[in-house]
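The chain contents come next:
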Amino acid sequence: RIKLIRSIRVCRTPALGGKRITCTCCGDVRYQYLSCGNNQCPQCQGIKRLQWQDRLSRRMLAVPYVHSTFTLPHELNGLARHNQRAIYGLLLRSSWKTIKQLSKDPKNIGGLLGVTAVLHTWGSDLKYHVHVHCLVTFGGLVESPNRVWKWPVRKKKIAGYRAICGSFRKVFLKGLKGLMESGQINYHRGYEEIESEVEKKRWVVHNTHPTADTKVIEDYLSRYICRIGITNSRLSYDRA
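Residues numbered from 1 in each chain as written. Predicted model: local features only at pLDDT ≥ 70, side-chain atom pairs only at ≥ 80, totals over all residues. Heavy atoms only, no water.

Undergrad: How should I be thinking about the packing of aromatic side chains in this particular structure?
TA: Centre distance and the angle of the planes are the two values used to describe a pair of aromatic rings. One pass over the full model with this rule turns up five aromatic pairs. Taken together, a centroid distance of 5.1 Å and an interplanar angle of 70° make the contact between F70 and F168 edge-to-face. One end of the pair, F70, is in strand β3 (residues 65-71); the other, F168, is in helix α5 (residues 161-181), with 98 residues separating them in the sequence. Side by side, F70 and F168 carry an identical accessibility label, which is buried. A relative accessible area of 0% places F168 in the buried class. An aromatic cluster is built from F70, F168, F172 and W203, whose rings are joined through pairwise contacts. (Phe/Tyr/Trp six-rings, centres within 6.5 Å; stacked < 30°, edge-to-face > 60°. Helix = DSSP H or I, 4+ residues; strand = E, 2+ residues; numbered from the N terminus. Buried < 20%, exposed > 50% of the residue type's maximum accessible area, 1.4 Å probe, protein only.)

Below, the structure written as structure tokens:
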């Protein structure tokens with residue numbers, strides 16, 4: 001934290017040096033100071049956000065997309081903090097398996113969807129809030145003699161809300177049980193105790209309506225995912 005504070009204090013100031021730019025016509029002189037390059041500096045995130053968004057844009061297909069958010073219940077925050085690698089990986093896999101299973105059902109689509117998923121571990125209030133953002137193609141490929149694109153049965157969603165939430169809970173708990181039984185998760189509570197606390201709770205999966213204007217989703221997701229907890233509005237400078 002001390003290193004970050006020091007970086008922010010000198011970012012784009014004479015302390016880091018800079019470039020002198022002189023106009024060849026009028027002789028006007030401007031100085032452009034160098035940035036600190038710290039990943040957590042609010043002034044250095046703009047270019048990284050644009051680079052991330054450009055990589056995402058190249059992977060998007062020319063089809064409508066749904067923005068889905070799979071949220072881990074807060075009752076599992078302690079488990080996630082102590083087993084971050086295992087739980088974060090399980091959450092990403094469970095989100096994909098939920099979408100994959102529901103899309104295979106002919107009552108929904110009957111095909112294979114495309115998904116781009118990003119893990120996020122904090123909310124706008126900077127509190128621990130583990131969730132996964134998924135960009136899901138609104139439709140998928142059907143395996144047949146000739147691959148064909150098939151649209152969902154419903155006009156505005158891939159599957160019913162209750163079905164998505166229930167499937168997500170079932171898939172995650174099944175994976176969690178396997179990890180705990182194999183010793184890949186170390187925690188002071190057993191699986192039965194954890195399951196009894198969250199199995200009857202509705203797990204939150206938020207879905208937006210499909211949109212063909214993927215630029216809107218890309219802009220929102222890049223701003224949301226690539227931002228940091230420290231912003232200019234949250235900084236105050238004391239000259240004393």
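Now that the structure has been shown, we can carry on.
Undergrad: Hey, could you run me through the packing of helix α4 (residues 84-104) against α5 in this one?
TA: For any two helices packed against each other, one specifies the inter-axial angle together with the distance between the axes. Interaxial distance between α4 and α5 falls to 9 Å at its minimum, and their mutual angle equals 135°. With respect to α5, the axis of α4 lies oblique. By crossing handedness, the relation of α4 to α5 is classed as right-handed. Contact residues: α4 offers A86, I87, L90, L91, R93, S94, S95, K97, T98, Q101 and L102, while α5 offers A163, I164, S167, F168, V171, F172, G175, L176 and L179. (Axes fitted to C-alpha atoms, helices over the stretch in contact; angles between N-to-C directions. Parallel < 35°, antiparallel > 145°, perpendicular 65-115°, else oblique. Left-handed = near helix turned anticlockwise from the far one by under 90°. Contact = heavy atoms within 4.5 Å.)

Undergrad: In this structure, what is going on with α5? I would like to understand it.
TA: Structurally, the α-helix is built with 3.6 residues per turn, so residues lying three or four positions apart point the same way. Compared with an ideal rise of 1.5 Å per residue, which puts 21 residues at 30 Å, α5 spans 31 Å between its outermost C-alpha atoms and is within 8% of the ideal. Looking at α5, one finds that the buried residues are I164, C165, S167, F168, V171, F172, L173, L176, L179 and M180. Tucked inside the fold, the buried residues of α5 contact β3, α3 (77-82), α4, α6 (191-198) and β8 (205-207). (Expected span 1.5 Å × (residues − 1).)

Undergrad: Sorry, what's going on with the pairing of strand β1 (residues 18-22) here?
TA: Residues in a regular strand point their side chains to alternate faces of the sheet. Across five bridges, the pairing between β1 and strand β2 (residues 29-33) is antiparallel. By the bridge assignment for β2, K19 is matched with Q32. The turn linking β1 back onto β2 is made up of six residues, and G27 within it adopts a positive phi angle of 80°. (Pairing = 2+ DSSP bridges.)

Undergrad: So what exactly am I meant to see when it comes to the pairing of strand β5 (residues 128-137) here?
TA: For β5, the tally of buried residues reaches nine of 10 residues, placing the bulk of the element in the interior. Bridging between β3 and β5 involves seven bridges; their strand directions are antiparallel. Bridge assignment links H67 to a residue of β5, and that residue is L135. As judged from the seven bridges shared by strand β4 (residues 115-122) and β5, these two strands associate in the antiparallel manner. Among the inter-strand pairings, H120 is bridged to a residue of β5, identified as H131. The hairpin formed by β4 and β5 contains five residues between the paired strands, and L126 there has a positive phi angle of roughly 70°.

Undergrad: How should the nonpolar core be read in this particular structure?
TA: A general trend in soluble globular proteins is that nonpolar side chains are found buried together. Counting 37 residues, the largest nonpolar core has L72, L76, L79, I87, F172, L176 and I185 as the members making the most contacts within it. In this structure, I185 is in contact with L79, N83, A86, I87, L176, L179 and M180, ignoring residues within four places of it in sequence. Listed in part, the nine residues of the second largest apolar core include W52, M60, Y65 and L221. (Core = buried A, V, L, I, M, F, W, Y, C linked by side-chain atoms within 4.5 Å.)

Undergrad: When you look at the pattern of salt bridges in this model, what are you seeing that I'm missing?
TA: A pair can form between side chains of opposite charge whenever their charged atoms are brought close. For the structure shown, the criterion picks out six salt bridges. For D28, the salt bridge goes to R30, with nearest N and O atoms at 3.1 Å. The class for D28 is partly exposed, based on a relative accessible area of 36%. By relative accessible area, R30 is classed as exposed at 57%. Here E197 makes a salt bridge to R189, at a shortest N to O gap of 2.8 Å. (Salt bridge = Lys/Arg side-chain N within 4 Å of Asp/Glu carboxyl O.)

Undergrad: Which parts of the structure should I look at to understand the environment of E197?
TA: In this fold, E197 is placed in helix α6. The sequence separation of E197 and E75 amounts to 122 residues, and the corresponding C-alpha distance is 7.7 Å. In this structure, E197 is in contact with E75 and R189, ignoring residues within four places of it in sequence. Of the polar contacts made by the side chain of E197, one reaches the side chain of R189; its length is 2.8 Å. (Polar contact = N/O pair within 3.5 Å; in protein donor to acceptor, adjacent residues only side chain to side chain.)

Undergrad: Looking at this structure, how should I read a positive patch on the surface?
TA: The grouping of R93, K97, K170 and K174 at the surface amounts to a positive patch. Of all the elements in the fold, those that place two or more residues in the positive patch are α4 and α5. Mapped onto the secondary structure, K97 falls in helix α4. Take K97: its relative accessible area is 42%, and that puts it in the partly exposed class. (Patch = residues over 30% accessible without salt bridge, like charges linked within 9 Å, V, L, I, M, F, W, Y side chains within 5 Å. Areas by Shrake-Rupley, 256 points an atom, 1.4 Å probe, with all protein chains shown as cover. Lys, Arg positive; Asp, Glu negative; His and termini not counted. Charge placed at Lys NZ, Arg CZ, Asp CG, Glu CD.)

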